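Overview (structure and organization)
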Amino acid sequence: MIRLFVNVDHVATLREARKTVEPDPLKAAHLAEQAGADGITVHLREDRRHIQDGDVHRIREGIRTPLNLEMAAVEEMVELAINVKPYQVSLVPEKRQEITTEGGLDVISKKKHLAEIRDRLAPLGVRFSLFVDPDLQQLDAARETGADSVEINTGLYTELADPEQVALELKKIQAAARHAKGLGLRVFAGHGLNNENVVPIAAVPEVEELNIGHNLVARSVYCGMELAVRDMIRCIEKGVAQRAVSA
């Protein structure tokens, strides 16, 4: 079964709209765990637009599943990760002006710097992942940094409307997953996934883990976090079932 890590950033987005104490991303994380989530993801952005430093510490200590900490490849965040010691650090690109992450890391141009971060985290037992577009050269570079895994960016796949373009982007993701697995990297995927478009991604044999946040938080407004997570798990199971059919 594919692991599902639930990103609770946008619970904090709602809280920060009023600068109050609710809704609490830790409580949302507990509900996601009760519904079957395999882990929790938070992205501590440099501008602190949603998740705050205190949230990272509280969630790290307060959940029973692993914590995946998304962050930019900057010294401030590296020092925080060394202090918190999450299960995994996932490095992502970050622009102050963007609404959400707009693309994968340019690993090729930052290979030395990323490898240095990995070398600082590895002795602590922190797993090291890179968020990358489905580009084979970027995957090669990711392997050279010593990364344990890559998270393939599904953003463009989820944004396309034309079925032929969607199919082409899915093929790119499938090829990237095969290539990454062949390099010895663990393969994750995420960004923009919902109950419909997650099924073909879950059907990709090499994908071990999915990171999903905004859709789950949005649906939880209507039906609650537990039901939103359970529904997502059922959709992922549909994709996994397709693996056996296509094998």
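Because the structure is predicted, anything quoted here is derived from the model rather than measured. (Residues numbered from 1 in each chain as written. Predicted model: local features only at pLDDT ≥ 70, side-chain atom pairs only at ≥ 80, totals over all residues. Heavy atoms only, no water.)

Some remarks on helix 5 (residues 107-121)
The end-to-end C-alpha separation of helix 5 is 18 Å, well short of the 21 Å expected for 15 residues at 1.5 Å each. At H113, helix 5 is bent by approximately 40 degrees, the largest bend along its length. For helix 5, the set of buried residues is V107, L114, A115, I117 and L121. Those residues of helix 5 hidden inside the fold are in contact with helix 4 (75-84), strand 4 (88-91), strand 5 (127-132) and helix 6 (136-144). (Helix = DSSP H or I, 4+ residues; strand = E, 2+ residues; numbered from the N terminus. Expected span 1.5 Å × (residues − 1). Bend = angle between axes of the 7 residues up to and from the residue. Buried < 20%, exposed > 50% of the residue type's maximum accessible area, 1.4 Å probe, protein only. Contact = heavy atoms within 4.5 Å.)

Some thoughts on the layout of surface pockets
Considered as a void within the structure, the second largest pocket measures approximately 310 Å³ in volume. Around the second largest pocket, the lining comprises 16 residues; the ones closest to its centre are V11, L14, P23, V217 and S220. Only helix 1 (9-18), helix 2 (25-34) and helix 10 (214-223) provide two or more residues apiece to the lining of the second largest pocket. By residue number, the principal contributor to the lining of the second largest pocket is helix 10, which donates 5 residues. Each residue belonging to the lining of the second largest pocket can be placed in one class, and the counts come to 9 nonpolar, 5 polar and 2 charged. (1 Å grid on protein atoms, 1.4 Å probe; cavity = no way out; pocket = protein on both sides within 12 Å on 5 of 7 lines; lining within 4 Å. Points joined across faces, edges and corners; volume = space filled by probe spheres on them. Nonpolar A, V, L, I, M, F, W, Y, C, P; charged D, E, K, R; others polar.)

Observations regarding the packing of helix 10 against helix 11 (residues 225-246)
Interhelical geometry of helix 10 versus helix 11 gives an angle of 125 degrees and a closest axis separation of 7 Å. Classed by the angle they form, the pair helix 10 and helix 11 counts as oblique. Seen from above, helix 10 lies across helix 11 with right-handed handedness. Along its contact with helix 10, which presents N215, L216, V217, R219, S220 and C223, the element helix 11 presents M225, L227, A228, V229, D231 and M232. Each residue belonging to the contact of helix 10 with helix 11 can be placed in one class, and the counts come to 8 nonpolar, 2 polar and 2 charged. (Axes fitted to C-alpha atoms, helices over the stretch in contact; angles between N-to-C directions. Parallel < 35°, antiparallel > 145°, perpendicular 65-115°, else oblique. Left-handed = near helix turned anticlockwise from the far one by under 90°.)

Focus: the UniProt feature "binding site: 3-amino-2-oxopropyl phosphate" (unreviewed entry) in the protein
Taking the UniProt record as the reference, the feature "binding site: 3-amino-2-oxopropyl phosphate" (unreviewed entry) is found at N7, R18, G192, G213 and H214. Over a stretch of 208 residues, the named residues are scattered through the fold, their C-alpha atoms separated by up to 25.5 Å. As for the second largest pocket, its lining draws on H214 from among the annotated residues. Residue position: N7 is located in strand 1 (residues 3-7). Excluding residues within four positions of it along the chain, N7 makes contact with T41, E70, I212, G213 and V217. A distance of 2.8 Å separates a polar side-chain atom of N7 from the backbone nitrogen of D9. When you line up the elements, G213 lands in the loop between strand 8 (207-212) and helix 10. (UniProt positions renumbered as here; feature names shortened; annotations may be inferred. Polar contact = N/O pair within 3.5 Å; in protein donor to acceptor, adjacent residues only side chain to side chain.)

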